[in-house]
Amino acid sequence: MDHISNLVSRENYQPSSLSSRPLDVTRTPNADATRRLSDRLINRIWEKMSAIYGHRWVSAYGVHVDESGQLSGAAETWSQGLAGLSREQLQHGFDALLKARLEWPPTLPEFLDLCSAGADVPDLAAAVRMLANAASREGSLVDRYRHPLVLAVAREVDMHALRTASTDRAFRIVGPVYKRMVADGWPEWPEHAHERPKALAYQRPVNLDAARAGIAGMRSALGGALA
């Protein structure tokens, strides 16, 4: 059985200083319903796309709400398709869109690719590798966990169980927490994240013979005083 220890030292992910503000995601009352972005965020996306492509965007995808104020079919599809992306990934997608100078508006899969390409958020496999290596690293929290998302996951899972788990079980332990945090956001690095732990002060070894002699002297003095 493949063990998580086989993942130790098999990653080279670099530390990140990315903000980890959560994406504005709403969940419908039905637990089985598909997650989607908030109407406000979809409105902002439609505004930015319209500002970039003008009538070509509206011609391709229409307005984002109908006469009754409900999301259009296209907007609902984009809302569901983009759910789970962080604000940084969405901004990366728009930055990449402008740099690419695409003449026509992107399709949803094309925009997802632009958001994901080069985005500095570890995927699930990378997060599991970072967690597997965290215990063997020295230094600050940033040195050990490499990304605030990974530290946040570590604080919610049983790290002892993870270090002794098979690779398959490690993914089952980390997967649900990782997916929830990618959808809802995770805390930024704490203020002390870059601080290295202080070394323990050097303590001189105890001289047992001197200690015994001292105790014997105290007993002798006390005995003379009581006589």
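Our subject is the structure listed above.
Residues numbered from 1 in each chain as written. Predicted model: local features only at pLDDT ≥ 70, side-chain atom pairs only at ≥ 80, totals over all residues. Heavy atoms only, no water.

Looking now at the environment of Ser-72. Along the chain, Ser-72 falls in the loop between helix 2 (55-61) and helix 3 (73-82). Note: C-alpha distance between Ser-72 and Tyr-61 (eleven residues apart in sequence) is 9.0 Å. The contact partners of Ser-72, leaving out residues within four places of it in the chain, are Val-63, His-64 and Val-65. (Helix = DSSP H or I, 4+ residues; strand = E, 2+ residues; numbered from the N terminus. Contact = heavy atoms within 4.5 Å.)

Here we come to the packing of helix 1 (residues 39-53) against helix 4 (residues 87-100). Interhelical geometry of helix 1 versus helix 4 gives an angle of 10° and a closest axis separation of 12 Å. Here helix 4 runs roughly parallel to helix 1, going by the angle between their axes. For the pair helix 1 and helix 4, contact is made by Arg-40, Leu-41, Arg-44, Ile-45, Lys-48, Met-49, Ile-52 and Tyr-53 and by Arg-87, Leu-90, Gln-91, Phe-94, Leu-97 and Leu-98, respectively. Residues belonging to the contact of helix 1 with helix 4 are distributed by class as follows: nine nonpolar, one polar and four charged. (Axes fitted to C-alpha atoms, helices over the stretch in contact; angles between N-to-C directions. Parallel < 35°, antiparallel > 145°, perpendicular 65-115°, else oblique. Nonpolar A, V, L, I, M, F, W, Y, C, P; charged D, E, K, R; others polar.)

Bringing the nonpolar core into the picture now. Counting 30 residues, the largest nonpolar core has Leu-131, Tyr-145, Val-153 and Val-174 as its most contacted members. Secondary-structure elements contributing two or more residues to this core are helix 6 (124-134), helix 7 (141-145), helix 8 (148-154), helix 9 (159-163) and helix 10 (167-184). Here this core gets seven residues from one element, more than from any other, and that element is helix 6. Residues contacting Val-174, with those up to four places away along its chain left out, are Leu-124, Val-128, Leu-131, Val-153 and Leu-162. In this structure, Trp-46, Leu-90, Leu-97 and Leu-114 belong to the second largest nonpolar core, which totals 23 residues. (Core = buried A, V, L, I, M, F, W, Y, C linked by side-chain atoms within 4.5 Å. Buried < 20%, exposed > 50% of the residue type's maximum accessible area, 1.4 Å probe, protein only.)

Under the counting rule described, the total for this entry stands at seven aromatic pairs. When the ring of Trp-57 is compared with that of Tyr-61, the centres are 4.4 Å apart and the planes differ by 45°; the resulting orientation is tilted. Of the two residues, Trp-57 and Tyr-61 both sit in helix 2, four residues apart, roughly one turn of that helix. Residues Trp-78 and Phe-111 carry aromatic rings whose centres are separated by 5.9 Å and whose planes lie at 35° to one another, so their mutual orientation is tilted. Placement of the pair is Trp-78 in helix 3 and Phe-111 in helix 5 (residues 108-116), with a sequence separation of 33 residues. Look at Trp-78 and you get buried, because its relative accessible area is 3%. An aromatic cluster of at least three residues, connected via ring pairs, comprises Trp-46, Trp-57, Tyr-61, Trp-78, Phe-94 and Phe-111. One residue, Arg-56, lies across the ring of Trp-104, its end atom 4.0 Å from the ring centre. (Phe/Tyr/Trp six-rings, centres within 6.5 Å; stacked < 30°, edge-to-face > 60°. Lys NZ or Arg CZ within 6 Å of the ring centre and 35° of its normal.)

The subject of this paragraph is the pattern of salt bridges. Working definition: two side chains of opposite charge can pair if their charged atoms are close together. The final tally for this structure, using the stated rule, is three salt bridges. Among the salt bridges present, the one from Glu-103 reaches Arg-56, with a minimum N-O distance of 3.7 Å. Of this pair, Glu-103 sits in the loop between helix 4 and helix 5 while Arg-56 is found in helix 2, placing the two residues 47 residues apart along the sequence. Owing to a relative accessible area of 54%, Glu-103 belongs among the exposed residues under this scheme. For Asp-143, the salt bridge identified is with Arg-196, shortest N-O distance 3.4 Å. Of the two residues, Asp-143 is situated in helix 7 and Arg-196 in the loop between helix 10 and helix 11 (208-226); the sequence distance between them amounts to 53 residues. With relative accessibility at 56%, the residue Arg-196 sits in the exposed group. (Salt bridge = Lys/Arg side-chain N within 4 Å of Asp/Glu carboxyl O.)

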